[in-house]
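So the chains spell out like this:
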Amino acid sequence: MKPSSLCPRMEKATQIISKRWAVLIIYQLLAGPQRFCTIEAALPISGRLLSERLKDLEQEGIVQRDVYPEMPVRIEYSLTEKGLALEPVLRGIEAWAQSWIT
């Protein structure tokens, strides 16, 4: 696909959050740090796809993966400052959906 010269940053932002399940994963993490199994239980998504999306979001600097050296090892995912900055956008979409989607 040929990149648009209209607004490259908007195009990039749309590409990041338009990946399947990405917005719902971010929305789920607005509640605070969570383990993989908690996110997986909250969303109807396969573990493989969830893992892939979390890696994508981590590479974009939206999600942070914290490893705690306990027995067994505990891994938690949370939103970075960049990820938390999406909250007003997601809350706006949520409000719009409640008003307009039946």
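Keep in mind that what you see is a predicted model, and the values were worked out from it rather than measured. Per chain, residues are indexed from 1 in the order of the written sequence. Where totals are concerned, whole chains, interfaces and linings use all residues; where local detail is concerned, this predicted model gives features only for residues with pLDDT of at least 70, and gives and counts side-chain atom pairs only at 80 or more. Side-chain numbers here rest on the full set of heavy atoms in the structure, without hydrogens or water.

Asks: Kindly report on the pattern of salt bridges, identifying the contributing residues and their values.
Replies: For this document, the term salt bridge refers to a Lys or Arg side-chain nitrogen within 4 Å of an Asp or Glu carboxyl oxygen. Counted by the stated rule, this structure contains 9 salt bridges. Where Asp56 meets Lys19, a salt bridge forms, and the shortest distance between an N and an O atom there is 3.5 Å. Here Asp56, found in helix H4 (residues 47-59), pairs with Lys19, found in the loop between helix H1 (8-17) and helix H2 (22-29); they are 37 residues apart in sequence, far enough to count as distant. When the shortest N-O distance is used, the salt bridge between Arg53 and Glu52 registers 3.2 Å. Only protein chains enter the accessibility calculation, which uses a 1.4 Å probe; a residue is then buried when its area is under 20% of its type maximum, exposed when over 50%, and partly exposed in between. Classification of Arg53 by relative accessible area gives buried; the value is 10%. Each of the salt bridges in this network shares a partner with another, and the network as a whole consists of Lys19, Arg48, Glu52, Arg53 and Asp56. To qualify as a helix, a DSSP run of H or I must reach at least 4 residues; to qualify as a strand, a run of E must reach at least 2; elements of each kind are numbered from the N terminus.

Asks: I'd like to hear about the pairing of strand S3 (residues 74-79), residue by residue, with values.
Replies: Sheet analysis places strand S1 (residues 34-35) next to S3, joined by 2 bridges and oriented antiparallel. Bridge assignment links Arg35 to a residue of S3, and that residue is Glu76. A pair of strands counts as paired when DSSP detects no fewer than two bridges linking them. Where strand S2 (residues 63-68) lies against S3, 6 bridges are found, and the strand directions are antiparallel. Paired with Arg65 across the strands is Tyr77, a residue of S3.

Asks: Requested: an account of H4, with residues and values cited.
Replies: By this rule, a helix spans an expected 1.5 Å times one less than how many residues it contains. Over its 13 residues, H4 extends 18 Å from the first C-alpha to the last, a length consistent with the 18 Å expected when each residue adds 1.5 Å. Of the positions making up H4, those classed as buried are Leu49, Leu50, Arg53, Leu54, Asp56 and Leu57. End-on, the buried residues of H4 take up no more than an arc of 160 degrees, which puts them together on one face. For H4, exposure combined with an orientation more than 90 degrees from the buried face picks out Arg48, Lys55 and Gln59. Should any heavy atoms of two residues lie within 4.5 Å, those residues are counted as being in contact. On the buried face of H4, the contacting elements are H1, H2, helix H3 (36-42), S2 and S3. For this quantity, the arc is that covered by the directions from the helix axis to the C-beta atoms.

Asks: Explain the packing of H2 against H4 residue by residue, including any values.
Replies: Convention adopted: a line fitted to C-alpha atoms gives each axis, helices being fitted over their contacting stretch, and angles between N-to-C directions are expressed from 0 to 180 degrees. Look at H2 against H4: their axes get within 10 Å of each other, and the N-to-C directions meet at 75 degrees. As far as their axial angle goes, H4 and H2 are roughly perpendicular. Along its contact with H2, which presents Ala22, Ile25 and Ile26, the element H4 presents Leu50, Arg53, Leu54 and Leu57. For the contact of H2 with H4, a count of residues per class yields 6 nonpolar, no polar and 1 charged. Oblique is the label for any angle not covered by the other classes, which are roughly parallel (under 35 degrees), roughly antiparallel (over 145) and roughly perpendicular (65 to 115). Residue type decides the class: Asp, Glu, Lys and Arg count as charged, Ala, Val, Leu, Ile, Met, Phe, Trp, Tyr, Cys and Pro as nonpolar, and the leftover types, Gly among them, as polar.

Asks: Lay out the packing of aromatic side chains with the relevant residues and their values.
Replies: Note on ring pairs: Phe, Tyr and Trp rings are taken, using the six-membered ring of Trp, and paired if centres are within 6.5 Å. Classes follow the plane angle, with under 30 degrees stacked, over 60 edge-to-face and the rest tilted. Taken as a whole and assessed by the stated rule, the structure comprises 0 aromatic pairs. Ring-over charges, as used throughout, are those where CZ of Arg or NZ of Lys falls within 6 Å of the ring centre and within 35 degrees of the ring normal. Taking NZ or CZ as reference, Arg74 lies 3.9 Å from the ring centre of Tyr68, over its face.

In short, geometric facts, not functional conclusions.
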